Each structure stands twice: as structure tokens, then as C-alpha cells.
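Analysis of the macromolecular model
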Amino acid sequence: MTASAVIALAAALAVAISTIGPGIGQGITASKAMEAIARQPEAAGTIRTTMILALALMESLTIYGLLISFILIGKM
């Protein structure tokens, strides 16, 4: 395997692995937030705000994986 093939494979794996965890986490977070809102509708605003903040932090992990893949592709 050539060096550029290894770099391309590493870039693909960086994106793939960095999206699996946050994707599962975002699904679980949204599910639990909906359950919490169903139990306490009066706290919906606070729960929604906290959920959006947590989703943004999870999404940043995916963006870091994308950034790493761009750096790797730049080395090809």
C-alpha cells in the first residue's frame, strides 16, 4: 500500500469513527430530554436549553474528526 492510500484510509476512518459516538449520544440525549419534558412540562425550557448545549458539544467532536481528516488529506 502506498503512503497516500494509507493517508486516505486514515482520513476516512477519522470521519467514520468520530461520527459514530456523537451520533449515538445525540439520539440518547434527545430521547432522554423528551422523556424529561413529558414528565415535567413546566421545566421544558430549561431542559431544552441544556439539551441544545449538550448536542452542540457532541457535534464539536464530529467537527474535530472532520478537521483531522482535512489535515490528513492535505498531507497527500
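Quick summary incoming for the structure in this document. (Residues numbered from 1 in each chain as written. Predicted model: local features only at pLDDT ≥ 70, side-chain atom pairs only at ≥ 80, totals over all residues. Heavy atoms only, no water.)

Observations regarding helix H2 (residues 44–74)
- Between the first and last C-alpha of H2 there are 45 Å, a value that for 31 residues agrees with the 45 Å anticipated at 1.5 Å per step.
- Where H2 is concerned, the buried positions are Ala44, Ile47, Met51, Met58, Thr62, Gly65 and Ser69.
- Packing partners of the buried residues in H2 comprise helix H1 (3–39). (Helix = DSSP H or I, 4+ residues; strand = E, 2+ residues; numbered from the N terminus. Expected span 1.5 Å × (residues − 1). Buried < 20%, exposed > 50% of the residue type's maximum accessible area, 1.4 Å probe, protein only. Contact = heavy atoms within 4.5 Å.)

Comments concerning the environment of Glu59
- Structurally, the position occupied by Glu59 is in helix H2.
- The sequence separation of Glu59 and Pro22 amounts to 37 residues, and the corresponding C-alpha distance is 6.5 Å.

Considering a nonpolar patch on the surface
- Together, Met1, Val6, Leu9, Leu13 and Ile17 make up an exposed nonpolar region whose accessible area comes to about 560 Å².
- Summarising the element assignment, Val6 is placed in helix H1.
- For Val6, a relative accessible area of 43% puts it in the partly exposed group. (Patch = residues over 30% accessible without salt bridge, like charges linked within 9 Å, V, L, I, M, F, W, Y side chains within 5 Å. Areas by Shrake-Rupley, 256 points an atom, 1.4 Å probe, with all protein chains shown as cover. Salt bridge = Lys/Arg side-chain N within 4 Å of Asp/Glu carboxyl O.)

A short note on the side chain of Ser18
- Locating Ser18 in the fold gives a position in helix H1.
- With relative accessibility at 14%, the residue Ser18 sits in the buried group.
- A distance of 3.2 Å separates the side chain of Ser18 from the backbone oxygen of Val15, its partner in a polar contact.
- When neighbours within four sequence positions are excluded, Ser18 is seen to be in contact with Leu13, Leu61, Thr62, Gly65 and Leu66. (Polar contact = N/O pair within 3.5 Å; in protein donor to acceptor, adjacent residues only side chain to side chain.)

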